[in-house]
Amino acid sequence: MKLYYHPWACSLAPAIAAAEAGIALDLVHVDILKDPHTLPDGSLYSAVNPRHYVPVLVRENGEPLSEVAAILQYLADREPGHLAPLPAAPERIELQQWLTFIGTELHKMYSPWLLHPEVGELAQEYARSKIANRYAFIDRHLAGRDYLLGTFTVADAYLFVPVNWAAGAKTPLGDFPNIGAWFKRMKARPAVQDAFRAHSATPKLLAA
Ligand SMILES: N[C@@H](CCC(=O)N[C@@H](CS)C(=O)NCC(=O)O)C(=O)O
């Protein structure tokens, strides 16, 4: 399968999930810093994803799949019950609650607001205060738990993305020791390390 990605972007979450599941992905770099977004051969990314953003997973049947939460569940369900509760299990809705929360209340607070200084200080401060509030909630939840659902699931792969942006986006984690401990635990996972390394590379770096 093929994953259209950009270093540091949310495409890291499916890359982590795939690594945890032992699924090899072909990574295709998308230059989302260029307008319009382009592929390494110079062609337009909009032909792959008319929504104009990463990630897209091209499944084995050639069908593209968009939206982080959907891609994560698709990857998890290839090995049922390992990286997500089974689709019919009562805990599955809990996973979906986390994926939606991370997507709408964290991911889309950082991107675009904190990744685009041109939106202005007022918008950025507002986003930061909302994010601090969301982190406080997660920090309380993680007290006494190693991972969001107790054991590692694709929700942790998704949470890794905004938490990884925290320092660069000036949303400090100092007040959230349980998130700090969780982040350390995540970074110690070999699959997370492998995915992070591969996902951080650009075609230029790969050619060097
Ligand atoms: N709703 C989408 C959001 C994806 C998204 O925000 N992608 C960002 C990178 S983290 C992107 O590609 N932005 C470029 C753009 O919007 O033009 C999802 O869940 O997959």
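Visitor: Mind laying out the environment of Val154, listing which residues take part and the relevant values?
Guide: By the element assignment, Val154 lies in helix α5 (residues 154-165). Excluding its chain neighbours within four sequence positions, the residues that come into contact with Val154 are Ala17, Leu72, Ala76, Leu83, Leu95 and Leu99.

Visitor: Provide a residue-level description of the pairing of strand β2 (residues 26-29), including the pertinent values.
Guide: Taken together, the four bridges between strand β1 (residues 2-5) and β2 define a ladder with parallel strand orientation. Each bridged residue has a counterpart across the sheet, and for Lys2 the counterpart in β2 is Asp26. Viewed along the sheet, the connection from β1 through helix α1 (residues 12-21) into β2 turns out right-handed.

Visitor: Mind laying out empty space enclosed by the protein, listing which residues take part and the relevant values?
Guide: For the coordinates displayed, the defined rule picks out one cavity of 30 Å³ or more. Counted as a void, the largest cavity has a volume near 30 Å³. Around the largest cavity sit Pro36, His37, Tyr45, Ser46 and His52, which together line it. Residue composition of the lining of the largest cavity, grouped by class: two nonpolar, three polar and no charged.

Visitor: Outline α1, supporting the account with residue identities and numerical values.
Guide: Residues lying three or four places apart along an α-helix face the same way, a consequence of the helix completing one turn every 3.6 residues. Taken across its ten residues, α1 has nine buried, putting it largely inside the fold. All buried positions along α1 are accounted for by Leu12, Ala13, Pro14, Ala15, Ile16, Ala17, Ala18, Glu20 and Ala21. Tucked inside the fold, the buried residues of α1 contact β1, α2 (68-76), α5 and α7 (190-199). Positioned one or two residues after α1, Gly22 has a phi angle of 75°, which is positive.

Visitor: How would you summarise the nonpolar core if you had to cite specific residues and measurements?
Guide: Soluble globular proteins: nonpolar side chains tend toward being buried together. Core analysis: the biggest nonpolar cluster contains 57 residues, and Tyr110, Tyr135, Ile138 and Trp182 have the highest contact counts within it. Within the residue set of this core, elements represented by two or more residues are β1, α1, α2, α3 (91-110), α4 (121-142), α5, α6 (177-187) and α7. When residues of this core are assigned to their parent elements, the largest contribution, nine residues, is made by α5. Looking at this core, you find at least three residues from each of domain 1 (2-82 + 192-207) and domain 2 (91-189).

Visitor: Kindly report on the side chain of Asn164, identifying the contributing residues and their values.
Guide: Looking at the element boundaries, Asn164 is found in helix α5. A residue is classified by how much of its surface remains accessible, and Asn164, at 19% relative accessible area, is buried.

About the criteria used
- Residues numbered from 1 in each chain as written.
- Predicted model: local features only at pLDDT ≥ 70, side-chain atom pairs only at ≥ 80, totals over all residues.
- Heavy atoms only, no water.
- Helix = DSSP H or I, 4+ residues; strand = E, 2+ residues; numbered from the N terminus.
- Contact = heavy atoms within 4.5 Å.
- Pairing = 2+ DSSP bridges.
- Right-handed = clockwise from strand over helix to strand, strands pointing away.
- 1 Å grid on protein atoms, 1.4 Å probe; cavity = no way out; pocket = protein on both sides within 12 Å on 5 of 7 lines; lining within 4 Å.
- Points joined across faces, edges and corners; volume = space filled by probe spheres on them.
- Nonpolar A, V, L, I, M, F, W, Y, C, P; charged D, E, K, R; others polar.
- Buried < 20%, exposed > 50% of the residue type's maximum accessible area, 1.4 Å probe, protein only.
- Core = buried A, V, L, I, M, F, W, Y, C linked by side-chain atoms within 4.5 Å.
- Domains from an automatic or database assignment.

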